[in-house]
Amino acid sequence: MKRFRIFTVFSALLLAACGTADQAKTTPAASGSLTPIKLQLQWFFQAQFAGYIAAVDQGFYKEQGLDVQLLEGGVDIVPQTVLAQGKADYAVAWVPKALASREQGAGITDVAQIFARSGTYQVAWKSSGITSPAQFKGKKIGNWGFGNEFELFAGMTKAGVDPGKDVTLVQQQFDMQALLKHEIDAAQAMSYNEYAQLLEAKNPATGKLYTADDFSIIDWKQNGSAMLQDAVWANTSKLSDSAYQQQTVKFLIGTIKGWAFCRDNPEKCRDLVVAKGSKLGKSHQLWQMNEVNKLIWPSTGGIGVIDDAAWKQTVDISLTTKNQTGDTVLKKAPDATAYTNDYINQAITQAKAAGVDVNGASFQPQTVTLEAGGA
């Protein structure tokens with residue numbers, strides 16, 4: 001996941017998502033040929049997207065008759081907008097932001113909730129004594145804005161802290177320098193990315209890398225304010241086309257195989273990501289691969305199945321939690337076409353029949369040693 005500036009800019013960009021999507025029906029590829037597919041990612045190539053990279057590299061999509069092109073994301077790319085405008089066949093996006101785009105008119109549907117758990121932290125120096133959102137009052141609190149702050153705001157609201165009055169909100173850059181320089185008291189971080197950046201940094205007082213003992217983590221999964229993140233979104237109107245339905249199932253079968261491969265071969269997937277051109281180093285990518293696997297596995301209902309309770313919590317927070325200007329992510333509850341388990345359940349059935357472990361019940365995370373700068 002990456003962040004895109006502030007929520008007001010977010011709203012403006014969402015309006016761009018209302019462009020008319022390509023309504024042309026999906027046509028099957030000619031006999032013996034592959035159907036070209038474009039998948040829009042949220043950010044630059046990194047292990048957050050390793051399952052899709054592996055599915056391309058290992059031929060899992062080709063097995064399904066698909067030629068999948070991965071479109072890199074970036075600061076000014078909104079994946080659900082690309083999808084809604086017909087410039088991609090599928091997109092990876094966080095649920096609350098994609099739902100906000102739907103509310104603005106983007107015709108998209110969550111067809112696979114790949115990350116079953118949130119990876120968002122708020123991190124403070126242990127020496128600060130901050131261990132809960134109740135202690136944010138009067139502090140400088142970093143956040144990325146642009147709709148990514150609502151887990152933080154929900155946590156503060158639950159603790160009786162008003163995000164608009166009780167804290168000083170600081171627009172956080174895409175790194176952890178503000179926390180490392182003690183310019184803010186708590187920083188937003190993803191478990192698989194920015195938190196690792198802290199552990200890759202050297203303590204100038206000792207010349208050694210910082211350790212987990214130097215920091216306090218507030219994990220929103222433990223606070224009850226976590227929201228669903230990376231999901232595969234499809235074009236809602238095209239889902240009425242039987243060929244697109246079949247294509248979606250095939251795409252999800254390949255995707256399941258890709259993520260199962262990265263669960264069982266984390267070092268190989270790290271290497272695939274690095275070879276793809278990621279600017280992040282090998283130890284950082286292995287850390288990221290390990291942490292991303294934790295967000296997916298184990299998966300009791302099967303990888304990608306959307307949990308009703310987690311969906312409801314995400315929607316409730318999107319409807320009720322206000323940011324510093326009083327805005328919420330959503331103004332009304334999404335309709336019934338916002339998500340479906342129909343296609344992922346079909347894909348799981350076929351993947352299981354092919355011998356793929358779709359639950360990962362025996363998954364055990366690694367212990368990853370980070371190097372300076374993530375090298």
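Residues numbered from 1 in each chain as written. Predicted model: local features only at pLDDT ≥ 70, side-chain atom pairs only at ≥ 80, totals over all residues. Heavy atoms only, no water.

Trainee: When you look at the sheet that holds strand S1 (residues 35–40) in this model, what are you seeing that I'm missing?
Mentor: Within a sheet, adjacent strands bond to each other through the backbone by hydrogen bonds, running parallel or antiparallel. Within the open sheet, the 5 strands sit side by side as S2-S1-S3-S10-S4. Their pairing is mixed. Both outer strands of the open sheet, strand S2 (66–71) and strand S4 (108–112), are each paired with one neighbouring strand and no more. Averaged over all pairs of adjacent strands, the angle between strand axes in this sheet comes to 30°, irrespective of strand direction. Where S1 lies against S2, 6 bridges are found, and the strand directions are parallel. Directly across from Lys38, in S2, lies its bridge partner Gln69. (Pairing = 2+ DSSP bridges. Helix = DSSP H or I, 4+ residues; strand = E, 2+ residues; numbered from the N terminus. Axes fitted to C-alpha atoms, helices over the stretch in contact; angles between N-to-C directions.)

Trainee: It is not clear to me how the pattern of salt bridges should be interpreted in this structure. Could you clarify?
Mentor: Side chains that carry opposite charge are capable of pairing whenever their charged atoms lie near each other. According to the stated counting rule, one finds 10 salt bridges in the structure shown. We note a salt bridge from Glu63 to Lys257, for which the minimum N-O separation is 2.9 Å. Of the two residues, Glu63 is situated in helix H3 (residues 60–63) and Lys257 in helix H10 (residues 242–264); the sequence distance between them amounts to 194 residues. For the salt bridge of Lys312 with Asp316, the shortest nitrogen-to-oxygen distance reads 2.8 Å. Highlighted residues: Lys312 and Asp316, both in helix H13 (residues 308–320), separated by 4 residues, approximately one helical turn. You can call Lys312 exposed: its relative accessible area is 51%. (Salt bridge = Lys/Arg side-chain N within 4 Å of Asp/Glu carboxyl O. Buried < 20%, exposed > 50% of the residue type's maximum accessible area, 1.4 Å probe, protein only.)

Trainee: Please explain the nonpolar core as it appears in this structure.
Mentor: For soluble globular proteins, the rule of thumb is that nonpolar side chains tend to be buried together. Ranked by internal contacts, the top residues of the largest apolar core, which has 57 residues, are Tyr52, Phe251 and Trp259. A total of 10 residues in this core trace back to one element, the largest contributor, which is H10. (Core = buried A, V, L, I, M, F, W, Y, C linked by side-chain atoms within 4.5 Å.)

Trainee: Can you help me understand H13 in this one?
Mentor: Think of an α-helix as turning once every 3.6 residues; residues three or four places apart then point the same way. Look at H13: 18 Å from first C-alpha to last across 13 residues, which is about the 18 Å you get at 1.5 Å a residue. Inspection of H13 places Trp311, Thr314, Val315, Ile317 and Ser318 among the buried residues, and these make up the whole buried set. Viewed end-on, H13 has its buried residues packed into an arc of 160°, placing them on one side of the element. Along H13, the residues that are exposed and aim more than 90 degrees away from the buried face are Asp308, Ala309, Lys312 and Thr320. Buried residues along H13 sit against helix H5 (95–103), S4, helix H6 (150–158) and strand S10 (231–235). The backbone nitrogen of Ala309 lies 3.2 Å from a side-chain oxygen of the residue at the head of H13, namely Asp307. (Expected span 1.5 Å × (residues − 1). Arc of directions from axis to C-beta. Contact = heavy atoms within 4.5 Å. Polar contact = N/O pair within 3.5 Å; in protein donor to acceptor, adjacent residues only side chain to side chain.)

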